[in-house]
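Close look at the chain arrangement
Given next are the chains, with one letter for each unit.
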2 protein chains.
Amino acid sequence: MKTGLDLVNECDNFPYYESDPEEYSRLRSTSWELHLEGGSGPYGYIKQSVVEKMPWDHDAWQIDDEKKCITPAPKRYTHTQETVIRETLEVAKTRDIFQILRGWRNELYPVHGPYSSRKPMVSMERAGSALFGINTYGVHMTAYVNTPQGMKIWVPRRARNKQTYGGMLDNTVAGGLSTGEKPFECVVREAAEEASFSEQLVRSNAKPCGTVSYFHIRDARAGGEAGLLQPECQYVFDMEIGAEVIPKPGDNEVEEFYLWTVDEVKRALAEGQFKPNCAAVLLDFFIRRGILTAENEKDYTEIVSRLHRKLPFPTS
Amino acid sequence: MKTGLDLVNECDNFPYYESDPEEYSRLRSTSWELHLEGGSGPYGYIKQSVVEKMPWDHDAWQIDDEKKCITPAPKRYTHTQETVIRETLEVAKTRDIFQILRGWRNELYPVHGPYSSRKPMVSMERAGSALFGINTYGVHMTAYVNTPQGMKIWVPRRARNKQTYGGMLDNTVAGGLSTGEKPFECVVREAAEEASFSEQLVRSNAKPCGTVSYFHIRDARAGGEAGLLQPECQYVFDMEIGAEVIPKPGDNEVEEFYLWTVDEVKRALAEGQFKPNCAAVLLDFFIRRGILTAENEKDYTEIVSRLHRKLPFPTS
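A quick note: this is a predicted structure, and the numbers were derived from the prediction, not measured.

Conventions and cut-offs
- Residues numbered from 1 in each chain as written.
- Chains lettered and ligands numbered in written order.
- Predicted model: local features only at pLDDT ≥ 70, side-chain atom pairs only at ≥ 80, totals over all residues.
- Heavy atoms only, no water.
- Least-squares fit on C-alpha atoms with pLDDT ≥ 70 in both.
- Contact = heavy atoms within 4.5 Å.
- Pairing = 2+ DSSP bridges.
- Helix = DSSP H or I, 4+ residues; strand = E, 2+ residues; numbered from the N terminus.
- Axes fitted to C-alpha atoms, helices over the stretch in contact; angles between N-to-C directions.
- UniProt positions renumbered as here; feature names shortened; annotations may be inferred.
- Salt bridge = Lys/Arg side-chain N within 4 Å of Asp/Glu carboxyl O.
- Buried < 20%, exposed > 50% of the residue type's maximum accessible area, 1.4 Å probe, protein only.
- Arc of directions from axis to C-beta.
- Buried area = accessible area lost by both parts, 1.4 Å probe.
- Polar contact = N/O pair within 3.5 Å; in protein donor to acceptor, adjacent residues only side chain to side chain.
- Phe/Tyr/Trp six-rings, centres within 6.5 Å; stacked < 30°, edge-to-face > 60°.
- Lys NZ or Arg CZ within 6 Å of the ring centre and 35° of its normal.

**Some thoughts on the relation of the copies chain B and chain A**
Screw-axis analysis of chain B against chain A gives a translation of 0.0 Å along the axis, an RMSD of 0.0 Å, and a rotation angle of 180°. Here the two chains are linked by the operation of a two-fold rotation axis. When C-alpha positions in chain B are compared against the rotation axis, the closest is assigned to histidine 308 of chain B, at 3.0 Å. Mapped onto chain A, 100% of the interface residues of chain B are again interface residues, and the two copies thus contact each other with one and the same surface.

As structure tokens, this is what we get:
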């Protein structure tokens, strides 16, 4: 059985300098930094193994072997930094160099600049984000019902044939945040697509409650190459709904929804049935709602901090 | 006017290695590590200026100038590590070496061991905790009323003659957590002492909602020497109460309680009227309750992470 801290360790599994400088330095030494023109960077960590295989166009990228820095530096004036990144990823996809690019989405993820602006400096194809190790963003919503038997939570099981974490349990609604999309609008859209919740229901009942953030090293279950780096921030929402509202899979990503008591959810967590970042969001939900407390969870303070990691690059 | 991030920066003002390795290393190089026998440490950061002035008994302390490590190593078998720390602090107090020890409390703060046990390894006088730079713990509770005009929050003003942050605004109830005390019991006790809330009210209505943690470098307003290091974790509680419940100062720490709208609290925050860690707790309250959102607070993701810093030493 997994403890709360075990679940956090599966999700936030990149070492911290302050508590483990050796392991932190070892992992950093096996990755290069993504820099951008006009920024003070870094904006991503690229694994050595990715650097070796990526089809870099040496006219369009500045590759500093000594500092282990890679910067799009387009010489041809018609190319922007964003175009350079896109073309390189497209070549890699065409040549089938990286498994992860088989999941090409035609969806852009933003790379945010320094604190002053908070605007994206460039965007890149979602499937390439873990190759460049940039911060990524998403939304996760927990829908629950207050019943005479206590709180119950709507838990979906991911389709068995899904390439990433197939058959595992998920949060009621979850999805990635594309460039330009606002978290609340994203949760409204995803709630309709994944759970068939009406727009009106979500606009009235969904409440933003903060973020859960972590620095994840991907394993085989995530699909694609293992070991890729994924610092991630999830905007979290809670939504109380009535017993008469029943979520229905709106696309083929979800197999089935269960309405579970807190104890049933806790058991499935301990059994490792949840996708790791969904487990993290549920722990945060339980903590904010006084279900997990300093008195019943021995690693309480550690867990709360680890669920809200300061990400290594500028955030949105 | 201060932004939310300005307020966080005042509270969590020790640099992060990952975003500012130079400043982090500079500050670390001006402090020594507190180690303990039987632990893998460090358990605290002691400023160079404190190391130079502390009346170390060289029979009872092992002082490693090269590694900048200080460990209680009592040779006389009747002395425990805890006794060594206590006697040293008592000598320092008697000789009036440190201003901060003028606020001697006769109250013990725990130093927690590594993850496996989570039990305190030793305890030390509260007033000495910032000299040794250990993690400290407290409770903060926000009491609020849902009125026809929206949510209102009970805000106390600290007594003008209080030596620390005199005259500044505070959270409804707040206090330090002594060795052996549980967070919930502490909030019950402090709520009676500071706000005259009945035990029954607090036991029924106070809800644990996580922690707020930060690494603070003390300034003159905190009392005592400026520059002392204080990594701190506050267990946070929300308490909804009816309009008929009126907090009354139960000791001479509070001058007056105000019942303020969210906008009034936001204005006082922006004006810098709140004690820094109380501002941090209110930002967390606003985030958990959907008052501050990704859409209306530009530094949302950064603020959420910074309010939940992973502390540098093992936590309780």
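**Remarks on the sheet that holds strand 3 (residues 61-64) of chain A**
What holds strands together in a sheet is hydrogen bonding between their backbones, with the strands either parallel or antiparallel. Residues and elements named next belong to chain A. Pairing is mixed across the open sheet formed by four strands, whose spatial order is 2-1-4-3. Every interior strand has two partners, whereas the edge strands, strand 2 (44-47) and strand 3, have only one. Pairs of neighbouring strands in the sheet enclose a mean axial angle of 25°, with direction left out of account. Here four bridges tie strand 1 (residues 31-34) to strand 2, and the two strands are oriented antiparallel to one another.

**Focus on the UniProt feature "domain: Nudix hydrolase" (unreviewed entry) in chain A**
Per the UniProt record, "domain: Nudix hydrolase" (unreviewed entry) is annotated on residues 136-282 of chain A. With 24% helix and 39% strand, residues 136-282 of chain A has end C-alpha atoms that lie 19 Å from one another.

**Quick look at the pattern of salt bridges**
Residue and element names in this part refer to chain A. This structure, assessed with the given rule, holds 48 salt bridges over all chains. Between glutamate 10 and arginine 221 there is a salt bridge, with its nearest N and O atoms 3.4 Å apart. One end of the pair, glutamate 10, is in helix 1 (residues 4-11); the other, arginine 221, is in the loop between strand 10 (206-217) and strand 11 (229-240), with 211 residues separating them in the sequence. A relative accessible area of 31% places arginine 221 in the partly exposed class.

**Quick notes on the sheet that holds strand 4 (residues 69-72) of chain B**
All names here are of chain B. What the four strands build is an open sheet, ordered 2-1-4-3; its pairing is mixed. With partners counted over all chains shown, the strands left at the sheet margins are strand 2 (44-47) and strand 3 (61-64), one partner each. In this sheet, neighbouring strand axes are inclined to one another by 25° on average, regardless of whether the strands run parallel or antiparallel. Of the pairings in the sheet, the one linking strand 1 (residues 31-34) to strand 4 comprises two bridges and is parallel in character. Within strand 4, the position partnered with glutamate 33 by the bridge is cysteine 69. Sheet contacts for helix 2 (residues 21-29): strand 1 and strand 2; angle to strand 1, the most-contacted strand, approximately 70°.

**A closer look at helix 2 (residues 21-29) of chain A**
Residue and element names in this part refer to chain A. Within helix 2, the full set of buried residues consists of Tyr24, Leu27 and Arg28. Viewed end-on, helix 2 has its buried residues packed into an arc of 100°, placing them on one side of the element. The elements touched by buried residues of helix 2 are strand 1, strand 2 and strand 10.

**Side note on the pairing of strand 4 of chain B**
The two faces of a sheet get side chains in turn, since along a regular strand they alternate between them. Residue and element names in this part refer to chain B. Alternating residues of strand 4 divide into Cys69 and Thr71 and Ile70 and Pro72, and every residue in both groups is buried. Taken together, the four bridges between strand 3 and strand 4 define a ladder with antiparallel strand orientation. What sits directly across from aspartate 64, in strand 4, is cysteine 69.

**Quick notes on the interface of chain B and chain A**
Taken together, the 40 residues of chain B in the interface contact 40 residues of chain A. Among the residues chain B hides against chain A, the three largest losses belong to Glu18, Thr301 and Lys310 of chain B. Together they make up 21% of the total. On the surface where chain B and chain A come into contact, there are two salt bridges. Ionic pairing is found between arginine 309 of chain B and glutamate 18 of chain A, a salt bridge with its closest N-O pair at 3.4 Å. For the pair chain B and chain A, the interface holds 16 residue pairs in polar contact (both at pLDDT 80 or more).

**What to know about the pairing of strand 7 (residues 136-147) of chain A**
All names here are of chain A. When you tally the buried positions in strand 7, you get 11 out of 12 residues, the bulk of the element. In this structure, strand 7 lies alongside strand 11, joined through nine bridges in parallel fashion. Within the sheet, the bridge partner assigned to histidine 140 lies in strand 11 and is valine 236. When strand 7 meets strand 9 (residues 173-176), the two strands line up antiparallel, connected through four bridges. Opposite histidine 140, over in strand 9, you have alanine 174 as the bridge partner. One ladder, built from four bridges, connects strand 7 with strand 8 (residues 150-158); its direction is antiparallel. The residue of strand 8 that forms the bridge with tyrosine 144 is isoleucine 153.

**Quick notes on the packing of aromatic side chains**
Going through the model one piece at a time under the given rule, you end up with 29 aromatic pairs over all chains. When the ring of phenylalanine 14 of chain A is compared with that of tyrosine 24 of chain A, the centres are 5.9 Å apart and the planes differ by 90°; the resulting orientation is edge-to-face. Residue phenylalanine 14 of chain A is located in the loop between helix 1 and helix 2, and its partner tyrosine 24 of chain A is located in helix 2; the two are separated by 10 residues in the primary sequence. Comparing phenylalanine 14 of chain A with tyrosine 24 of chain A shows no difference in burial state: the two are buried. Taken together, Phe14, Tyr17, Tyr24, Tyr45, Phe215 and Phe313 of chain A together with Phe14, Tyr17, Tyr24, Tyr45, Phe215 and Phe313 of chain B form an aromatic cluster joined through their ring pairs. Geometry around tryptophan 104 of chain A places lysine 93 of chain A over its ring, the cationic atom sitting 5.0 Å from the centre.

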